[in-house]
Each structure stands twice: as structure tokens, then as C-alpha cells.
Amino acid sequence: VTMWFDIVSLFPKHTYKGRIPGLRADLMGKLEELRPRFLRFPGGCVVEGCTLDNRIQWKRTVGDIAQRPGHWDLWGYRATDGLGFHEFLQLAEDLNAEAMYVCNVGMSCQARQAEVVTDPDEIVRVYVQDTLDALEYAMGSPDSPWGALRVRNGHPKPFQIKYVEIGNENGGPDYHRAYKLFYAAIKAKYPQIITI
């Protein structure tokens, strides 16, 4: 007999606050005891990737974990993206912590010979729009395309994002030009968000 398994989860049946997919109750209980004021996601060089192709992409981290493709990350192993954008937002809400979303500005890791998108139109069309889509997923109306997906994923009420970190450990003239494009677009639609 040959058996093929597509996805195997070894998570305990009883997860933190009964969430499905869930997080380990013991670890999240310890995190809860710390009373964090904010949570940053995704954070670190995973935002950038070694190349722009292997950066974390939030749209691939929502929905059924069996359908998430995961990605090869810049630390040399495969990330399943089992802890995705939706789970991060839910965890921030459960911990009563402010959510900080970190977006890619069209630059891979600068410490690893960065790929840089310099065309302002491409930055706006691809990277700024992706950030606006993430914000709509979190805070958009159930009638909006990404807000409707949030509802289908089990959270009818909007989440809240207080902070958006524009890029991760980026600098230089290309970054400064991109930052201005992100800042203008975010503030035009979400003036209450604090940009970093």
C-alpha cells in the first residue's frame, strides 16, 4: 500500500483561544504574559528576500494552510507560511496589541546585493498596490474585494493596523524615492496610519 500525504499538522488540538488554524496555547500564553504593546509582521529580512521573487508575499499566506505555497527564504530553509497575515492580525487582536505591518518597497535585502525596482510606475502598480490591498484585507469593508476575503476567512469585523513600516532596513536614494510614493498613497487612503 502506498500512501501520499499532502499536508500534515502536528499542532495540538487545543490552540490559543481555540483559533483554527491555531497557535500553541503554551507559547501564546507566555507571550500574553509579556503584554506586548505592538506586534510587527512580517518583519526582518523575510520582507525583502534574497531576491524579490522569494520575499514573503502576504496574499500567499492567507486562507487554507494546505493551499499556501510557502517559499524558500533567505536563511536557507523553506517557510510554510503557516503563520500568515490573517493569523498575525488575529494574534494582535487577541493580545490587545497594536498591529504593525511591514511592506516591501521594491528592494530585496541590501546586505545581499539588492535587486531594486527604480521605475516609479512599477513601484506604485506592484508594491504600493500590494500594501494598499493588505490594508484593505485588514480594515476594508466586507463589500471590498480584500475585505470580503477577510470575511470568508472568518473575521467579519475589520482588524486594525496602527503602523506601517515602509521597508525593512532599507536606505539610500532609491529607498527615499520609494518611501515618498508609499507615504502619499497610504496617507491618502488611511490618514490615521502612522508610517515608519
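Use the structure listed above.
Okay, so let's go over this structure. Everything numeric in this text was worked out from a predicted model, so none of it was measured.

About the criteria used
- Residues numbered from 1 in each chain as written.
- Predicted model: local features only at pLDDT ≥ 70, side-chain atom pairs only at ≥ 80, totals over all residues.
- Heavy atoms only, no water.
- Helix = DSSP H or I, 4+ residues; strand = E, 2+ residues; numbered from the N terminus.
- Buried < 20%, exposed > 50% of the residue type's maximum accessible area, 1.4 Å probe, protein only.
- Contact = heavy atoms within 4.5 Å.
- Areas by Shrake-Rupley, 256 points an atom, 1.4 Å probe, with all protein chains shown as cover.
- Lys, Arg positive; Asp, Glu negative; His and termini not counted.
- Charge placed at Lys NZ, Arg CZ, Asp CG, Glu CD.
- Axes fitted to C-alpha atoms, helices over the stretch in contact; angles between N-to-C directions.
- Parallel < 35°, antiparallel > 145°, perpendicular 65-115°, else oblique.
- Left-handed = near helix turned anticlockwise from the far one by under 90°.
- Nonpolar A, V, L, I, M, F, W, Y, C, P; charged D, E, K, R; others polar.
- Salt bridge = Lys/Arg side-chain N within 4 Å of Asp/Glu carboxyl O.

Here we look at the overall build of the protein
Here is step 1 of the chain: Helix and strand content of the protein: five helices and six strands.
Here is step 2 of the chain: Helices (α) and strands (β) of the protein occur, in sequence order from the N terminus, as α-β-β-β-α-β-α-α-β-α-β.
Here is step 3 of the chain: Principal-axis analysis of the C-alpha atoms places the extent of the protein at approximately 55 × 40 × 35 Å.
Here is step 4 of the chain: Looking at the protein as a whole, 46% of its 196 residues are labelled buried.
Here is step 5 of the chain: By sequence separation, contacts in the protein at least 24 residues apart represent 63% of the contacts at least 6 residues apart.
Here is step 6 of the chain: As displayed, the protein offers around 11200 Å² of accessible surface, 55% of which is attributable to carbon and sulfur atoms.
Here is step 7 of the chain: Positive and negative side-chain charges of the protein, numbering 23 and 24 respectively, have mean locations separated by a distance of 5 Å.

Quick notes on helix 4 (residues 145–152)
Here is step 1 of the chain: Those residues of helix 4 lying buried are Gly147, Ala148, Leu149 and Arg150.
Here is step 2 of the chain: Buried residues belonging to helix 4 abut helix 2 (85–95) and helix 3 (120–139).
Here is step 3 of the chain: Phi turns positive, to about 100°, at Gly154, one or two residues after helix 4.

Digging into the packing of helix 2 against helix 3
Here is step 1 of the chain: Their axes nearest at 11 Å, the elements helix 2 and helix 3 cross at an angle of 50°. In terms of orientation, helix 2 lies oblique with respect to helix 3. Handedness of the helix 2/helix 3 crossing: right-handed. Residue-level contacts link Phe85, His86 and Leu89 of helix 2 to Ala134, Tyr137 and Ala138 of helix 3.
Here is step 2 of the chain: Of the residues assigned to the contact of helix 2 with helix 3, the class counts are five nonpolar, one polar and no charged.

Observations concerning the pattern of salt bridges
Here is step 1 of the chain: All chains considered together, the criterion is met by seven salt bridges.
Here is step 2 of the chain: Among the salt bridges present, the one from Asp26 reaches Arg24, with a minimum N-O distance of 2.7 Å.
Here is step 3 of the chain: Classification of Arg24 as partly exposed rests on a relative accessible area of 37%.
Here is step 4 of the chain: Residue Arg40 pairs with Glu165 through a salt bridge whose shortest N-O separation is 2.7 Å. Residue Arg40 is located in strand 1 (residues 38–41), and its partner Glu165 is located in strand 5 (residues 163–166); the two are separated by 125 residues in the primary sequence.
Here is step 5 of the chain: What makes Arg40 partly exposed here is its relative accessible area of 36%.

Function-wise, these values are silent; they only describe arrangement.
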